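Take a look at the letters that make up each chain.
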Amino acid sequence: MEKIVSLCKRRGFIFQSSEIYGGLNGAWDYGPLGVELKRNLKDYWWRTMVHERDDVVGMDGSILMNRAVWKASGHEETFTDPMVDCRTCKARLRADQIPQKNGVPQCPNCGGKDLTEPRSFNLMFKTYVGATEDESSITYLRPETAQSIFVQFKNVLDVSRKKLPFGIAQIGKAFRNEINPRNFTFRSREFEQMELEYFCRPEQGMELLEYWKEERLKFYEDIGIAREKLHVLTVPDAERAFYSKGTYDIEYEFPFGRQELEGVAYRTDYDLSQHQNASGKPLEYFDEEAKQKFIPHVIEPSAGVDRTVLALICEAYDEDTAPDDKGKQESRIVLRFSPRIAPIKCAVFPLLKNKEPLVAKARAVVNLLRPHMNVFYDETGAIGRRYRRQDEIGTPFGITIDFETLGERGDDFRDTVTLRERDSMKQERVKIADLVQLLVARIS
Ligand code: GAP
């Protein structure tokens, strides 16, 4: 993990939030490469979960909502973690994460054994809406995106005129005042979720739970996470929310252990029923054929953007050897991102920066590719060094413009370039005119 955290900072994937002031625990900023990676992940999720389906529409809800939402959903009452204090060093700890020594719980900070009894700590960030700070103006930063989908269910149903089963998808920020943020971005206080609420008839619930588990596993494979590093945990009855008829956690083998990436939960009709009862507004679905009204059931695949970005970086990180400019093997760090989610798809290099025709041709290739993908132009340093810099940030393709491109070695190779593939380091000679089609096919 240390190597990954250091690479993330060095190359501009992830920085500590407010770093120059000593940081803020549980908050992170994404740098120039991190934001591209994150965007590619969210775009691919949206593409496969919304655009490529007839039965899902999207929405973008507000982070602040009426407090009544959080009362009805149960969050105000029960969205808590058990917390204990260490009386010696005053650390606040999550009761279920305290290590034991010889069967005795010990503070992981100072080793102290004098701990308080566990008490419930609500994870929602409380805030006040408007100029008066009193009981009537309290609300919370949303701890999940799901609730805005439930409370807008009727509006979306009316405008989209979808028939069951259908889903509403959302990507957005969520906030939880975690007692112990840890493992880099894995457990943060501010993070993003990609959630789908897939509404169905009660009798379809169990089957759709299986369907979505499989779809979601396929998604992770499609973005480059090896199937053998993914695990499905069937959440035991005792640990499931009381209203859930079945929940799977999709876990990934992070360097710090096997941990949850996504939950796929069958939440029955709990959420819509709660909001219907609390608001007094009907949230039923009318089945025209059966002439029946009922509250739909829901399957919820809920994924963390930041956790998936971290998994992508962990999965991609590799060290191997590559020849330098003189053919001598040297070690290299390489991020083996799937081209689909790589922050930069292609780097373009003129062989020499002081040869105007090479530079002009390279610039022309950049302009040709830019409408189709994120391209990086680099003219400084030996060509091997330039490849190495791109390997380290996971750029899958490198294009070199050389004297053959200019036709100086005969017409056969005029307007062709060298295309180098990051993982195999194989090079092929490709016509400039074929580049767009060839690369677009490899990155989509
Ligand atoms: N609406 C259901 C829900 O929010 P959850 O299991 O609490 O379920 C879903 O959260 C996903 O959100 C998790 O699988 C994880 O990927 C992400 N997530 C939850 N808490 C997080 C945190 N503190 N930091 C980063 N990601 C988090």
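Residues numbered from 1 in each chain as written. Predicted model: local features only at pLDDT ≥ 70, side-chain atom pairs only at ≥ 80, totals over all residues. Heavy atoms only, no water.

J.: Talk me through the site of the ligand; I want residue IDs and the actual numbers.
T.: Around the ligand sit 20 residues in total, of which Glu-144, Ser-188, Glu-195, Glu-260 and Leu-261 are the nearest. The side chain of Glu-144 places a nitrogen or oxygen atom 2.6 Å from a nitrogen atom of the ligand. A distance of 2.8 Å separates a nitrogen atom of the ligand from a polar backbone atom of Ser-188. In the complex, the protein chains occlude 89% of the 560 Å² of accessible area that the ligand would expose alone. Of all the secondary-structure elements, those providing two or more residues to the shell around the ligand are β12 (190-200), β15 (257-268) and β18 (297-304). No other element matches the five residues that β15 contributes to the shell around the ligand. (Near = heavy atom within 4 Å. Polar contact = N/O pair within 3.5 Å; in protein donor to acceptor, adjacent residues only side chain to side chain. Areas by Shrake-Rupley, 256 points an atom, 1.4 Å probe, with all protein chains shown as cover. Helix = DSSP H or I, 4+ residues; strand = E, 2+ residues; numbered from the N terminus.)

J.: Lay out the sheet that holds β18 with the relevant residues and their values.
T.: Read from one edge to the other, the open sheet built from seven strands follows the order β3-β11-β12-β18-β15-β14-β13, with strand pairing classed as mixed. Each having just a single partner strand, β3 (56-58) and β13 (230-234) make up the two edges of the open sheet. Going across the sheet, the axis of each strand differs from the next one's by a mean of 25°, ignoring polarity. Where β15 meets β18, six bridges bridge the pair, whose relative direction is antiparallel. The residue bridging Thr-268 from the neighbouring strand is Val-298, located in β18. Where helix α6 (residues 153-160) meets the sheet, its contacts fall on β3, β11 (166-175) and β12, and the angle it forms with β11 comes to roughly 135°. (Pairing = 2+ DSSP bridges. Axes fitted to C-alpha atoms, helices over the stretch in contact; angles between N-to-C directions. Contact = heavy atoms within 4.5 Å.)

J.: Could you give me a rundown of the packing of aromatic side chains, with the residues and numbers involved?
T.: Tallied over the full model, the rule gives 20 aromatic pairs. Ring geometry for Tyr-211 and Trp-212: centres 5.1 Å apart, planes at 80°, overall edge-to-face. With 5.0 Å between their ring centres and 90° between their planes, Tyr-252 and Phe-254 make a pair best called edge-to-face. A single burial state applies to Tyr-252 and to Phe-254, both of which are buried. Above the ring of Phe-186, the side-chain terminus of Arg-307 is found at 3.7 Å from the ring centroid. Looking at Arg-420, its charged tip hangs above the ring of Tyr-387, at a distance of 4.3 Å from the centre. (Phe/Tyr/Trp six-rings, centres within 6.5 Å; stacked < 30°, edge-to-face > 60°. Buried < 20%, exposed > 50% of the residue type's maximum accessible area, 1.4 Å probe, protein only. Lys NZ or Arg CZ within 6 Å of the ring centre and 35° of its normal.)

J.: Provide a residue-level description of α6, including the pertinent values.
T.: By the burial criterion, the buried members of α6 are Phe-153, Val-156 and Leu-157. Taken around the axis of α6, the buried residues stretch over an arc of 100°, which confines them to a single face. One or two steps after α6, the chain reaches Arg-161, where phi turns positive at roughly 50°. (Arc of directions from axis to C-beta.)

J.: Describe in detail the pattern of salt bridges, supporting the description with residues and values.
T.: Applying the stated criterion across every chain yields a total of 44 salt bridges. As a salt-bridge pair, Asp-271 and Arg-267 come within 2.9 Å of each other at their nearest N and O atoms. The partner of Glu-330 in a salt bridge is Arg-388, with the nearest N and O atoms 3.0 Å apart. Of this pair, Glu-330 sits in strand β20 (residues 329-335) while Arg-388 sits in helix α11 (residues 383-393); the two residues are 58 residues apart in sequence, bridging distant segments of the chain. (Salt bridge = Lys/Arg side-chain N within 4 Å of Asp/Glu carboxyl O.)

J.: Give a description of the nonpolar core that names residues and reports values.
T.: Formed by 55 residues in total, the largest nonpolar core has its most connected members in Phe-13, Tyr-220, Ile-313 and Phe-337. Of the residues forming this core, the biggest block, eight residues, is contributed by helix α9 (residues 305-316). Leaving out residues up to four positions away in the same chain, Phe-337 has contacts with Phe-13, Leu-37, Leu-312, Ile-313, Ala-316, Ala-342, Pro-343, Ile-393, Gly-394 and Arg-422. One finds Met-373, Val-375, Ile-401 and Val-436 within the second-largest nonpolar core, a separate group that totals 24 residues. (Core = buried A, V, L, I, M, F, W, Y, C linked by side-chain atoms within 4.5 Å.)

J.: Now, about the packing of helix α10 (residues 356-369) against helix α12 (residues 435-443): what can you tell me, with residues and values included?
T.: It is at 10 Å that the axes of α10 and α12 come closest, and there the two elements cross at 50°. Between α10 and α12, the crossing angle belongs to the class labelled oblique. The crossing of α10 and α12 is right-handed. Along the contact surface, α10 presents Val-365, Leu-368 and Leu-369, while α12 presents Leu-435, Val-436 and Leu-439. A breakdown of the residues in the contact of α10 with α12 according to their chemical character gives six nonpolar, no polar and no charged. (Parallel < 35°, antiparallel > 145°, perpendicular 65-115°, else oblique. Left-handed = near helix turned anticlockwise from the far one by under 90°. Nonpolar A, V, L, I, M, F, W, Y, C, P; charged D, E, K, R; others polar.)

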